[in-house]
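One letter stands for each residue in the lines below.
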Amino acid sequence: MCKLCDEGHPQTHERQARDTQVPEGSRRWDARRGFLKASAATAAAAGGMALFAPRPAQATENEHEPPHSGHHGRRYLIRGGAVMSMDPAIGDFAQADVLVEGRKILAVGPNLHAWGVPVIEARGRIVMPGFIDTHHHLFETALRSFLADGLLFDGLDPNITQNYFQKILLTFAPQYRPQDVYISTLFGSLSQLDAGVTTVHDISQIHHSPTHSDVQIKALRDSGRRAVFGYFESAGPVAGNQYPADAKRLKLQHFSSTDQLITMFMGGEIYLPGYEVAWKLGRELGLPVAAHIVGTFGMRPTLDALAKGQGGDSGTLGIGPDNFFIHMTGMSDEAWSRVRDVGASVSLAVPIEMNMAHGTPPIIKAQALGIRPSLSSDVECTLTADMFTQMRTTMALQRMFVNANKLGETNMPPTPGAPLLTARDVIGYATINGARDLRLDKKVGSLTPGKEADIVILDADAINVAPLNHVPGAVVSLMERSNVETVIVAGKVRKWKGRLLDVNLGRLRRELESSRDHLFASAGIPRDLFRPS
């Protein structure tokens with residue numbers, strides 16, 4: 001590596017990390033390897049085409065992840081993939097390379113010159129920014145699938161008796177010990193990394209004590225992913241909790257630097273008494289202020305008052321550009337207009353909103369006002385937390401509304417002039433829009449030189465995708481977790497060739513199961529794998 005390259009100024013060199021320009025000895029080996037491949041092909045034909053014979057081992061250059069990835073000055077090249085940058089200034093490439101140095105992307109384009117660096121071979125792969133989940137309750141990982149049939153709260157359907165507000169927030173959540181918070185947050189984070197979700201906004205209402213908050217932050221940090229720590233209430237609430245006042249200590253102790261993977265939002269639920277204190281404190285600390293906004297909970301009048309700048313006990317609290325609103329179902333035109341006018345953020349969790357009676361997902365309303373939402377998974381006690389599901393469902397619902405109106409069907413939300421969402425649109429929702437809403441778009445969300453290298457490499461040669469004919473379409477319409485081959489966060493490889501690195505999943509699974517057992521026992525809820533709804 002030359003001095004100019006080491007200083008961050010890539011140079012054109014006579015030799016490159018390319019099959020066509022390699023040292024003489026390597027050329028001889030490649031020629032011999034090509035001869036062996038040709039001989040093997042001839043033998044296969046002579047043997048009646050053994051189509052199901054075991055594949056030969058891959059070349060050694062690609063067997064191991066690049067050493068010390070993410071460390072200062074360490075480079076590697078992602079070579080030959082279909083690159084979808086999500087940056088219009090960079091563009092897309094049917095075949096190109098991404099050069100990474102330390103935590104950052106150094107260059108994107110075809111035939112990059114980078115002699116002597118480790119190579120991640122990406123032919124037959126899609127290279128794109130990591131997915132961003134802008135709203136997820138990681139503390140509920142131990143309760144996965146418990147509310148697959150559940151609704152938002154009791155009374156919405158007489159046949160559904162296990163519901164979210166009563167069972168999760170009021171019954172299970174108060175039973176969480178710090179160790180329960182830690183293992184659910186860590187295991188859920190690793191699971192999302194496995195699915196290519198490199199960034200999450202973790203909204204967990206289990207801040208029963210300062211220790212609960214500290215271990216949640218530790219779990220996010222130990223997972224090695226990028227995260228926004230959402231400081232919300234103590235569900236229950238549990239006596240002795242320090243919300244919201246402990247926000248000052250948390251920010252000073254854990255978030256004094258902006259150059260770290262974990263940042264902080266302030267939570268302030270407008271359906272809870274005293275939310276004004278949390279909003280004012282968040283603004284005093286310079287933190288974005290987040291809240292769930294759900295018509296089913298009767299929040300419309302409160303949000304209308306905030307839209308007029310007449311919210312809170314003082315009648316002077318208002319919606320601002322620092323607000324981050326989740327769901328926004330059942331809200332008035334006036335409130336929506338104010339959200340647009342001030343530039344507040346909107347996160348949609350479309351599959352959950354459809355399943356749990358939050359109200360109709362307001363994708364058409366957002367689109368009509370020119371608001372570009374981000375996407376979020378919400379709760380795994382009800383639905384999966386991968387972003388493929390979020391993208392597919394959002395696209396399908398919006399197109400159902402628009403197409404039904406074009407066909408003259410009745411009782412559909414009006415969609416005058418609304419263009420059909422495309423696969424690229426919803427990929428934008430799940431990447432660059434998420435980065436923007438979490439105030440991270442200067443760091444991540446696109447494959448832009450100078451940004452941090454949060455990258456996923458997706459297998460487009462897999463049996464559920466091949467042959468590759470359209471990159472955005474393959475990602476949204478065909479792919480799922482099994483296609484996520486390699487995951488990189490801030491330059492560090494976290495998943496390699498389909499396997500998470502540096503984790504003992506067996507041990508962590510046992511800890512999660514033990515935590516699950518404690519929570520059910522403490523909540524007085526029997527574990528019945530086949531219970532009715």
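Conventions we followed
- Going along each chain's sequence as written, the residues are numbered from 1 onward.
- Since the coordinates come from a predicted model, pLDDT governs what is reported: local features require at least 70, and pairs of side-chain atoms require 80 or more to be given and counted, while whole-chain, interface and lining totals use all residues.
- Note: side-chain values were computed over all heavy atoms of the structure, leaving out hydrogens and water.
- When DSSP locates at least two bridges between a pair of strands, those strands are taken to pair.
- Working definition: helices are DSSP H or I runs of at least four residues, strands are E runs of at least two. Numbering for both runs from the N terminus.
- Think of a salt bridge as a Lys or Arg side-chain nitrogen and an Asp or Glu carboxyl oxygen that are within 4 Å of each other.
- Relative accessibility decides the category of a residue: with a 1.4 Å probe and only protein chains considered, values under 20% of the type maximum give buried, values over 50% give exposed, and everything between is partly exposed.
- Directions are taken from the helix axis to each C-beta atom, and the arc is the one they span.
- The contact rule is simple, with two residues in contact once any of their heavy atoms fall within 4.5 Å.
- Here, nonpolar core refers to any group of buried Ala, Val, Leu, Ile, Met, Phe, Trp, Tyr and Cys residues whose side-chain atoms link them within 4.5 Å.
- Looking down the strands as they point away from the viewer, one classifies a crossover as right-handed if the path from the first strand across the helix to the second runs clockwise.

**Some remarks on the sheet that holds strand S6 (residues 131–136)**
Then comes step 1: Reading across from one edge, S6-S7-S8-S9-S10-S11-S12-S13 is the order of the 8 strands in this open sheet, with parallel pairing throughout. Of all strands in the sheet, those with a lone pairing partner are S6 and strand S13 (374–375), marking the two edges.
Then comes step 2: In the sheet, strand S7 (residues 197–204) pairs with strand S8 (residues 226–231) via 6 bridges, with the strands oriented parallel. For Val200, the partnering residue across the bridge sits in S8 and is Ala227.

**Considering the pattern of salt bridges**
A side chain of one charge can pair with a side chain of the opposite charge if their charged atoms are brought near each other.
Then comes step 1: Taken as a whole and judged by the stated rule, the model has 25 salt bridges.
Then comes step 2: The salt bridge partner of Asp341 is Arg340, with a shortest N-O separation of 3.0 Å.
Then comes step 3: Where Asp517 meets Arg516, a salt bridge forms, and the shortest distance between an N and an O atom there is 2.7 Å.
Then comes step 4: Judged by relative accessible area, which is 37%, Asp517 ranks as partly exposed.
Then comes step 5: Through salt bridges that share partners, Arg103, Arg226, Glu452 and Asp454 make up one connected network.

**Some details on helix H6 (residues 247–254)**
Since the α-helix packs 3.6 residues into each turn, any two residues three or four apart lie on the same face.
Then comes step 1: Considered for burial, the residues of H6 that qualify are Ala247, Leu250 and His254. With its buried residues spanning 65° around the axis, H6 presents them on a single face.
Then comes step 2: Elements in contact with the buried residues of H6: helix H5 (210–223), S8, strand S9 (262–267) and helix H7 (275–284).

**Side note on the environment of Gly116**
Then comes step 1: Locating Gly116 in the fold gives a position in the loop between strand S3 (104–109) and strand S4 (119–121).
Then comes step 2: Residue Gly116 is classed as exposed on the basis of its relative accessible area, which comes to 60%.
Then comes step 3: Sequence separation between Gly116 and Leu77 is 39 residues; the distance between their C-alpha atoms is 9.8 Å.

**Observations regarding the nonpolar core**
One recurring pattern in soluble globular proteins is that nonpolar side chains are buried together.
Then comes step 1: Grouped together as the largest cluster of nonpolar side chains are 97 residues, with contacts concentrated most on Leu303, Met391 and Val475.
Then comes step 2: Among the elements that take part in this core, helix H12 (residues 387–406) stands out by supplying 7 residues, more than any other.
Then comes step 3: Val98, Ala122, Val127 and Leu501 belong to the second largest nonpolar core, which has 19 residues in total.

**Looking at the pairing of strand S12 (residues 345–348)**
Then comes step 1: Of the two faces of S12, both are covered, the one formed by Ser345 and Ser347 as well as the one formed by Val346 and Leu348.
Then comes step 2: Alignment of strand S11 (residues 323–329) against S12, held across 3 bridges, turns out to be parallel. Pairing of Phe325 across the sheet is with Val346, part of S12.
Then comes step 3: Each parallel crossover has a hand, and the one from S11 via helix H9 (residues 333–342) to S12 is right-handed.

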